[in-house]
Amino acid sequence: MRQISMWVGLAATLLWSSLALAQIRVDVQLPVPVIVVTSELRVSLVPNVVVVEQVREPQGIVVVYRSSQPSNAFAYHDRDLQSRGWKRVKYQAKGGRYHAEYRRGRAKAKLEVRDRKGQVEVRVREG
């Protein structure tokens, strides 16, 4: 009887250690959705933030996020535009509102971000 319990204990130990070694962590990076605003202007959505609303405008788009941090949304979209070759030529921040203008060659773009009490409205447009 003693030998059987020893073998059961050994088998349980081996099973437990093999399960511990078999745990493999896999991180999956989903691509960030890119919105084509116009032929010249593309923007990526802020990752890991819920989009509440998306409204197309004739020369742009309005995206509303569920967030209370307009500065983070502005920083993300500013970096995104600059990584796509846009140069920031104007910048203004006041009371939870951010406004920036960009140029790339002869093309112009505007980024406006404002706090809407628990939501952040981002407006990107060409011209």
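Coordinates for the structure precede this section.
An account of the accompanying structure is given in this report. (Residues numbered from 1 in each chain as written. Predicted model: local features only at pLDDT ≥ 70, side-chain atom pairs only at ≥ 80, totals over all residues. Heavy atoms only, no water.)

Moving on: the overall build of the protein. From N to C terminus, the protein includes two helices and eight strands. Listed by position from the N terminus, the elements making up the protein come as α-β-β-β-β-α-β-β-β-β. The burial tally for the protein puts 28% of its 127 residues in the buried class. Surface exposure of the protein reaches about 9,100 Å², of which carbon and sulfur atoms provide 54%. (Helix = DSSP H or I, 4+ residues; strand = E, 2+ residues; numbered from the N terminus. Buried < 20%, exposed > 50% of the residue type's maximum accessible area, 1.4 Å probe, protein only. Areas by Shrake-Rupley, 256 points an atom, 1.4 Å probe, with all protein chains shown as cover.)

Here we take up the nonpolar core. Core analysis: the biggest nonpolar cluster contains 24 residues, and Tyr-102, Leu-111, Val-113 and Val-122 have the highest contact counts within it. Only strand S4 (60-66), helix H2 (70-83), strand S6 (97-104), strand S7 (107-115) and strand S8 (119-126) provide two or more residues apiece to this core. (Core = buried A, V, L, I, M, F, W, Y, C linked by side-chain atoms within 4.5 Å.)

Within the secondary structure, His-77 sits in helix H2. Owing to a relative accessible area of 2%, His-77 belongs among the buried residues under this scheme. If we ignore the near neighbours within four places in the chain, the residues touching His-77 are Ser-44, Val-46, Tyr-65, Leu-111 and Val-122. (Contact = heavy atoms within 4.5 Å.)

For the rest of this paragraph, the subject is unusual backbone geometry. One non-glycine residue, Asn-48, lies in the positive phi region at around 65 degrees. Within the secondary structure layout, Asn-48 lies in the loop between strand S2 (42-44) and strand S3 (51-57). Looking at Asn-48, the relative accessible area reads 84%, which means it is exposed. Backbone geometry places Lys-117, a non-glycine residue, at a positive phi of 50 degrees. Along the chain, Lys-117 turns up in the loop between S7 and S8.

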